[in-house]
Amino acid sequence: MTIQTRALLVHLLTASGAVFAMLAMLAAVEHDWALMFLWLVVAFFVDGIDGPLARKYQVKVNSPNFDGVLLDLIIDYLTYVFVPAYALFKSGLLPGWTGWIAIIVITFTSALYFADSRMKTMDNSFSGFPGCWNMVALVLFALAPNFWVTLAIVVVLAAAMFMPLKFIHPVRTERWRSLSLPIAFAWTFFAGWAAWVDFDPQSLAHWGLVLTSVYLIFAGIVQQMFPASEGDAV
């Protein structure tokens, strides 16, 4: 298999996320939230591996007819933003006017963020909350907090998208990557487990989700507070 074919296959892998987004949306329309999140977890896994593969096979050089960055952003908006926002609106976690506020805030701010050329930092982390509403929604479905708490989380994270706060990319942020990457895989495992058991409140997956989510949200901010000194291990 030529390097050009492998590069093209990476684009096809990325594009498969659109199919998973549609499958998730169809499940959401039927209010089958567990199945919806299972498809979103599959899409999340694909999104986690296509980037390293794209860099390995140099898709910009070996398959330049397709813009992998643009394709990835389109898929991410569907799976990270659009479907989760719909789920929060229709699930009852945010009743009445709170649901309307959530979907307007999530979709509007995320569209701006995804188009912001300043979204990446020098160390390949994210500047501001990176719009991972699929992860947020899944945790909210699992924990089912009071709707005021849910609304507050949505508003705070939406505002955090435009604050000078660092959020790690588990694959591309080199500092602490040996810890961040396993935790990201663990989050994916716990997310799939929680969805598989239909968000059973007795499931231990919930604790795993909480612990891994806390790390993924605050690791970058802690790195900002304690910058790495020259020669520090990553």
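These numbers were taken from a predicted model, which means no experiment stands behind them.

Here's the deal with the packing of aromatic side chains
Taken as a whole and judged by the stated rule, the model has 18 aromatic pairs. Judged by centre distance (5.9 Å) and plane angle (15°), the rings of Phe20 and Trp39 are stacked. Here Phe20 is found in helix H1 (residues 3–29), whereas its partner Trp39 is found in helix H2 (residues 33–56), with 19 residues between them in sequence. On the accessibility criterion, Phe20 (17% relative accessible area) is buried. In this structure Trp39 comes out as partly exposed when scored by relative accessible area, which is 27%. Each ring, one from Phe89 and one from Trp100, has its centre 4.8 Å from the other, and the planes form 70°; the classification is edge-to-face. Of this pair, Phe89 sits in helix H4 (residues 68–91) while Trp100 sits in helix H5 (residues 97–114), and the two are 11 residues apart along the sequence. The rings of Trp33, Phe37, Phe141 and Phe199 are connected pair by pair, giving a single aromatic cluster.

Structural notes on H4
An ideal rise of 1.5 Å per residue puts 34 Å on 24 residues; H4 measures up with 33 Å between its terminal C-alpha atoms. Of all the bends in H4, the largest measures some 30° and sits at Leu78. Those residues of H4 lying buried are Ile75, Asp76, Thr79, Tyr80, Val81, Val83, Pro84, Ala85, Ala87 and Leu88. At its buried positions, H4 is contacted by H1, H2, H5 and helix H6 (133–143). Of the residues that open H4, the one with a side-chain oxygen 3.1 Å from the backbone nitrogen of Val69 is Asp67. Two residues or fewer after H4 comes Gly92, characterised by a positive phi angle close to 95°.

Overview of the packing of H2 against H4
Relative orientation of the contacting elements H2 and H4 amounts to 160°, with a least axis distance of 11 Å. Looking at the two axes, H2 sits roughly antiparallel to H4. The crossing of H2 and H4 is left-handed. Along the contact surface, H2 presents Trp33, Met36, Leu40, Ala43, Phe44, Asp47 and Asp50, while H4 presents Asp72, Asp76, Thr79, Tyr80, Val83, Pro84, Ala87, Lys90 and Ser91. Counted by class, the contact of H2 with H4 contains 9 nonpolar, 2 polar and 5 charged residues.

A few points about the nonpolar core
In terms of nonpolar packing, the biggest core is built from 57 residues, with Met36, Phe37, Phe129 and Trp133 touching the most fellow members. Among the secondary structure elements, those contributing two or more residues to this core are H1, H2, H4, H5, H6, helix H7 (147–160), helix H8 (177–196) and helix H9 (205–225). Among the elements that line this core, the one with the most residues is H6, at 9 residues. With residues up to four places along the chain from it excluded, the contact list for Trp133 reads Tyr80, Val81, Pro84, Ile106, Ser110, Val154, Leu157, Ala158 and Met161. Ranked by size, the runner-up nonpolar core spans 5 residues in total, among them Ala7, Val10, Ala54 and Tyr57.

So, how was this worked out
- Residues numbered from 1 in each chain as written.
- Predicted model: local features only at pLDDT ≥ 70, side-chain atom pairs only at ≥ 80, totals over all residues.
- Heavy atoms only, no water.
- Phe/Tyr/Trp six-rings, centres within 6.5 Å; stacked < 30°, edge-to-face > 60°.
- Helix = DSSP H or I, 4+ residues; strand = E, 2+ residues; numbered from the N terminus.
- Buried < 20%, exposed > 50% of the residue type's maximum accessible area, 1.4 Å probe, protein only.
- Expected span 1.5 Å × (residues − 1).
- Bend = angle between axes of the 7 residues up to and from the residue.
- Contact = heavy atoms within 4.5 Å.
- Polar contact = N/O pair within 3.5 Å; in protein donor to acceptor, adjacent residues only side chain to side chain.
- Axes fitted to C-alpha atoms, helices over the stretch in contact; angles between N-to-C directions.
- Parallel < 35°, antiparallel > 145°, perpendicular 65-115°, else oblique.
- Left-handed = near helix turned anticlockwise from the far one by under 90°.
- Nonpolar A, V, L, I, M, F, W, Y, C, P; charged D, E, K, R; others polar.
- Core = buried A, V, L, I, M, F, W, Y, C linked by side-chain atoms within 4.5 Å.

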